[in-house]
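Residues per chain are reported as follows:
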Amino acid sequence: MKDLRTPDSLSFMKWHGAGNDFVMIDSRGREAIVTRELAAGLGDRHRGVGFDQLAEIRDSNVADIDLDFWNADGSRAGACGNATRCVARYMMDQTGIEALTIRTARGILQAVAVGDEVAVNMGQPILDWQSVPVSHDMDLKHLPLEGDPVAVGMGNPHCVFFVDDVATVDVATTGARFEKDTLFPEATNVEFAEIRARDDIRMRVWERGAGITLACGSGACATAVAAAQRGLTDRKVRMEVDGGWLTLDWREDGVWMTGPTAFVFEATLKPEFLAGL
């Protein structure tokens, strides 16, 4: 894989983790270049490249790299676990290392190689109402919403519903409705989870600023935490998402997520495209 840090062009990579797809821009050695307009233009699946999130890699003075996330609508994303794992694999492939630290808005995260997969510690869940955030003090394990969901923060807000059969849920309609509920002042990601065993969850997700995605790393973490809090599962589970499988392990030092990564292609944006943004 060639070095994509060419300062006089805008090269990018396409990756996915369990179907959760990303554009990755390596901005080490130069100033950050991603803007709301660029993210929204690239995120358009018809006129741009298309992605669930965009990850921009930057130089760091406190970790191996800094990482910024953007949603497909041009808004900022506070956390993105699968993109973090994909960036970690990219860095591992470049450097030959098998562990690194990554600073995100969530804090400094640890990533390690686990065979062909990559694990990232997404940190401890946020379980106080002001930091999730929700609009006022309430029982986060039983939100006052139809369906009795759970609120969990993972650097971004999540609203987790437990259902009998996730295949019957209208994720688009229900997810869009609860994403903008007034209970969530910064909007929320919405997960729908079916408990199949104490170590087995089936989950589908509506992501804030992106819509239905095949996987969501922070959403998988939030779902695992919510299930353990409710006593429905143990703290380590396998989770089937629309795009594959992830392993979640809520340990004393944080929620570890392990799963696959895949490099798809690399390309360079044309000046004509950039001029039209």
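Provided above is the structure to which this section pertains.
Calculation rules
- Residues numbered from 1 in each chain as written.
- Predicted model: local features only at pLDDT ≥ 70, side-chain atom pairs only at ≥ 80, totals over all residues.
- Heavy atoms only, no water.
- Helix = DSSP H or I, 4+ residues; strand = E, 2+ residues; numbered from the N terminus.
- Rg over C-alpha atoms; globule rule 2.2 N^0.38 Å.
- Buried < 20%, exposed > 50% of the residue type's maximum accessible area, 1.4 Å probe, protein only.
- Contact = heavy atoms within 4.5 Å.
- Salt bridge = Lys/Arg side-chain N within 4 Å of Asp/Glu carboxyl O.
- Expected span 1.5 Å × (residues − 1).
- Polar contact = N/O pair within 3.5 Å; in protein donor to acceptor, adjacent residues only side chain to side chain.
- Core = buried A, V, L, I, M, F, W, Y, C linked by side-chain atoms within 4.5 Å.
- Pairing = 2+ DSSP bridges.

S.K.: What is the right way to read the overall build of the chain from this model?
M.R.: Secondary structure assignment for the chain yields five helices and 17 strands. Here the chain has a C-alpha radius of gyration of 18 Å; the compact-globule value for 277 residues is 19 Å, and the two agree. Counting only C-alpha atoms, the chain reaches 50 × 40 × 35 Å along its principal axes. For the chain, the proportion of its 277 residues judged to be buried stands at 56%. Within the chain, contacts between residues separated by at least 24 positions form 61% of all contacts whose residues are at least 6 apart in sequence.

S.K.: Would you mind showing me how to read the pattern of salt bridges here?
M.R.: A side chain of one charge can pair with a side chain of the opposite charge when the charged atoms of the two come close. In total, this model carries 17 salt bridges according to the counting rule given. The closest approach of N and O atoms between Arg89 and Asp93, which form a salt bridge, is 3.9 Å. Here Arg89 and its partner Asp93 are both found in helix H2 (residues 81-95), four residues apart, which amounts to about one turn of the helix. Classification of Asp93 by relative accessible area gives partly exposed; the value is 49%. The residue Asp200 makes a salt bridge to Arg196 at a minimum N-O spacing of 3.3 Å. For Arg196, a relative accessible area of 36% puts it in the partly exposed group. Several salt bridges converge on common partners, so that one network encompasses Arg58, Asp66, Asp68, Arg76 and Arg103.

S.K.: Looking at this structure, I do not really get helix H4 (residues 217-229). What am I missing?
M.R.: Since there are 3.6 residues in each turn of an α-helix, residues three or four apart along the chain are aligned in direction. The first and last C-alpha atoms of H4 sit 18 Å apart over 13 residues, in line with the 18 Å expected at 1.5 Å per residue. Looking at H4, one finds that the buried residues are Gly217, Ser218, Gly219, Ala220, Cys221, Ala222, Thr223, Ala224, Val225, Ala226, Ala227 and Ala228. Count one or two residues on from H4 and you reach Gly231, which has phi positive near 80°.

S.K.: How should I be thinking about the environment of Asp253 in this particular structure?
M.R.: With respect to the secondary-structure elements, Asp253 resides in the loop between strand E15 (244-251) and strand E16 (254-259). In this structure the C-alpha to C-alpha distance between Asp253 and Gly123, which are 130 residues apart in sequence, comes to 6.9 Å.

S.K.: Could you clarify how one ought to interpret unusual backbone geometry in this entry?
M.R.: Peptide bonds are, in most cases, trans, and in most cases residues other than glycine have a negative phi. Residue Pro133 is reached from Val132 by a cis peptide bond, and omega for that bond is -10°. With respect to the helices, strands and loops of the structure, Pro133 is situated in the loop between strand E8 (117-121) and strand E9 (150-153). With a phi angle near 55°, Ala18 is a residue other than glycine that sits in the positive phi range. For Ala18, the location among the structural elements is in the loop between strand E1 (10-17) and strand E2 (20-26). The buried category is assigned to Ala18, whose relative accessible area is 4%.

S.K.: So what exactly am I meant to see when it comes to the environment of Arg230 here?
M.R.: Relative to the assigned elements, Arg230 resides in the loop between H4 and strand E14 (236-241). Along the primary structure Arg230 and Lys141 are separated by 89 residues, whereas in three dimensions their C-alpha atoms are 7.3 Å apart. When near neighbours in sequence (up to four residues on either side) are disregarded, Arg230 contacts Lys141, His142, Asp148, Pro149, Val150 and Phe162. A distance of 3.5 Å separates polar atoms of two side chains, one belonging to Arg230 and the other to His142.

S.K.: I tried to follow the nonpolar core on my own but got confused; where do I start?
M.R.: In globular proteins that are soluble, nonpolar side chains generally tend to be buried together. Met24, Val87, Leu100, Met239 and Leu248 are the most contacted members of the largest nonpolar core, which has 54 residues in total. With eight residues, H4 is the largest single contributor of residues to this core. In this view, Leu248 contacts Ala220, Cys221, Ala224, Arg235, Lys236, Val237, Met239, Trp256 and Met257; residues no more than four positions away in its chain are not counted.

S.K.: Looking at this model, I keep getting lost on the pairing of E14. Mind explaining?
M.R.: Looking along a regular strand, one sees side chains alternate from face to face of the sheet. Of the two faces of E14, the one lined by Val237, Met239 and Val241 is fully buried and the one lined by Lys236, Arg238 and Glu240 carries no buried residue. Looking at chain direction, strand E12 (residues 200-207) and E14 are connected through three bridges and run parallel. Residue Asp200 lies in a different strand from E14, and its bridge partner there is Arg238. Between the end of E14 and the start of E15, which pair antiparallel, lie two residues.

S.K.: What is the right way to look at the environment of Met91 in this model?
M.R.: Locating Met91 in the fold gives a position in helix H2. In this structure Met91 comes out as buried when scored by relative accessible area, which is 5%. Residues Met91 and Ile57, 34 residues apart in the sequence, show an inter-C-alpha distance of 9.9 Å.

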